[in-house]
Amino acid sequence: MLSKNVLSPNFCEMSRFFSKTILLGVILLFPLIRIIPQNNIQVGKWRTHFSYNQGEQVAVGNNEVYCIALGNMFSYTKKSNTLNPLGKMEGLSDNQISAIRWSKSTNYLLIGYDNGNIDVLENQKITNIPDIKNKLNLSGKRINHIYVHGDNAYLSCGFGIVCFNLQKKEFRDTYYIGPNGTQIEVIDFCEGNETFYALTSDGIYTGNVDDPNLINFASWTKLNTSFFAEASIKNIEFFENNLYVLIENNEGESNIFYDERNWKNLPYSLNEDARYKDIQVSNENLIVIERWNVIAFDKNLDEKAMVSSSYASNAIMDDNNVFWISDRKSGLVRHTGNKLTTLRPS
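Residues numbered from 1 in each chain as written. Predicted model: local features only at pLDDT ≥ 70, side-chain atom pairs only at ≥ 80, totals over all residues. Heavy atoms only, no water.

*Asks:* Whenever I open this one, the environment of Asn283 confuses me. Can you help?
*Replies:* With respect to the helices and strands, the residue Asn283 is situated in the loop between strand S23 (278–282) and strand S24 (285–289). Sequence-wise, Asn283 and Asn321 are 38 residues apart; in three dimensions their C-alpha atoms are separated by 8.8 Å. Not counting the four nearest positions on each side in its chain, Asn283 is found in contact with Lys104, Met317, Asp318 and Asp319. Among the polar contacts listed, one links the side chain of Asn283 to the backbone oxygen of Asp318, at a separation of 3.2 Å. (Helix = DSSP H or I, 4+ residues; strand = E, 2+ residues; numbered from the N terminus. Contact = heavy atoms within 4.5 Å. Polar contact = N/O pair within 3.5 Å; in protein donor to acceptor, adjacent residues only side chain to side chain.)

What follows is the structure in structure tokens.
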């Protein structure tokens, strides 16, 4: 189990080599907290060597929108209409970003990497938390997904689930939920009706939110998904009292089902070859990305909004019903009213 006590730096040993002055203490801590330089670039005047055209994931903050593109990241500031590169040159601790998530309760961005590294971006300051990256004997360290629930973030990793306390910025627990407590890759994670759902390489596991012993693998139960025996589950979401799953068969055909008690097909499709690519819950809407469109459904599964898009990979609808779409050809796309705006480095 990852623990701040096991993995934190040993300051007692360090003190043998450094004086105990306040000045040197600040110097020792400085590499862990970095300040992002003000490097705002007006839209259309981007200057960087990276390509940000292939958008992979999006997160919306208070005034910024963040987009991952081929493991790199940039942000768009709404008020100033500026684009900002976010990489190691700007203070991030690593390369190859794999997952991001905005925390409304703490007003900061969580950044996960392929190698398990974690950055917290808060008010232009970056705090690095390398515990997973530095941990030995893990089968895979990639941060596949980040889910925020209450005071905690749940990191879906190549070996299991890591619970991260958002207020204290420290790890609480690690859940090894494979057979007999073995490591297993966790791909996606969500919560609904006091139940945690973890999509793994071996199916979906569930745990009670109020169970104080989730570190015990016996507290997790494997959900019966034999209904999808001929297909693989790509991602999961919980929406309006139902678990939703996106499945894909060997021929690349996909579909969305909901209600684990009696699986039902999502009663909506613009065409027979929808090819669903992603589902996500955003501001009390179910966002579905299919082959040609991005669609927002309300709580009654009625269509609320739709945007034509052939290359969308991820999408969020904000408080003002504005679509923010990561696009594999255009980087970041904003849709408001009937207007589409491409926000990509040029």
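Here the narrative resumes.
*Asks:* How do you make sense of the pairing of strand S20 (residues 242–249) when you look at a structure like this?
*Replies:* Regular strands place their side chains on alternate faces of the sheet. Of all eight residues in S20, six are buried, a share of seventy percent or more. Here strand S19 (residues 231–239) pairs with S20 via eight bridges, running antiparallel. Following the sheet pairing, Ile233 is matched in S20 by Ile247. Where S19 hands over to S20, the hairpin turn is made up of two residues, of which Glu240 adopts a positive phi near 50 degrees. Looking at chain direction, S20 and strand S21 (residues 254–258) are connected through five bridges and run antiparallel. Looking at the pairing, Leu246 lines up with Ile256 of S21. (Buried < 20%, exposed > 50% of the residue type's maximum accessible area, 1.4 Å probe, protein only. Pairing = 2+ DSSP bridges.)

*Asks:* Is there a simple way to explain the sheet that holds strand S12 (residues 152–157) in this structure?
*Replies:* Whether parallel or antiparallel, the strands of a sheet pair through hydrogen bonds between backbone atoms. If you trace the four strands from one edge of the open sheet to the other, you get S11-S12-S13-S14, paired in antiparallel fashion. A single partner strand is all that each edge strand has here, and the edge strands are strand S11 (143–149) and strand S14 (170–175). Taking the axes of each pair of neighbouring strands and ignoring which way they run, one obtains an average angle of 25 degrees across the sheet. Where S11 and S12 come together, six bridges link them in antiparallel fashion. By the bridge assignment, Tyr147 is partnered in S12 with Tyr154. (Axes fitted to C-alpha atoms, helices over the stretch in contact; angles between N-to-C directions.)

*Asks:* Is there a simple way to think about the packing of aromatic side chains in this case?
*Replies:* Each aromatic ring pair is characterised by the separation of its centres together with the angle its planes make. Applying the stated rule across the entire model yields 17 aromatic pairs. Consider the rings of Tyr66 and Trp102, whose centres lie 6.3 Å apart with planes at 20 degrees: the pair is stacked. Of this pair, Tyr66 sits in strand S4 (residues 64–69) while Trp102 sits in strand S7 (residues 97–103), and the two are 36 residues apart along the sequence. Each member of the pair, Tyr66 together with Trp102, is buried. Pairing Phe189 with Phe196 gives two aromatic rings, centres 5.2 Å apart and planes at 40 degrees, and the pair type is tilted. Like Phe189, the residue Phe196 is buried in the burial classification. What links up through ring pairs into an aromatic cluster is the set Tyr147, Tyr154, Phe189 and Phe196. (Phe/Tyr/Trp six-rings, centres within 6.5 Å; stacked < 30°, edge-to-face > 60°.)

*Asks:* I'm lost on the sheet that holds S19 in this one. Help?
*Replies:* Pairing is antiparallel across the open sheet formed by four strands, whose spatial order is S19-S20-S21-S22. Here the strands that pair on one side only, and so sit at the sheet edges, are S19 and strand S22 (264–265).

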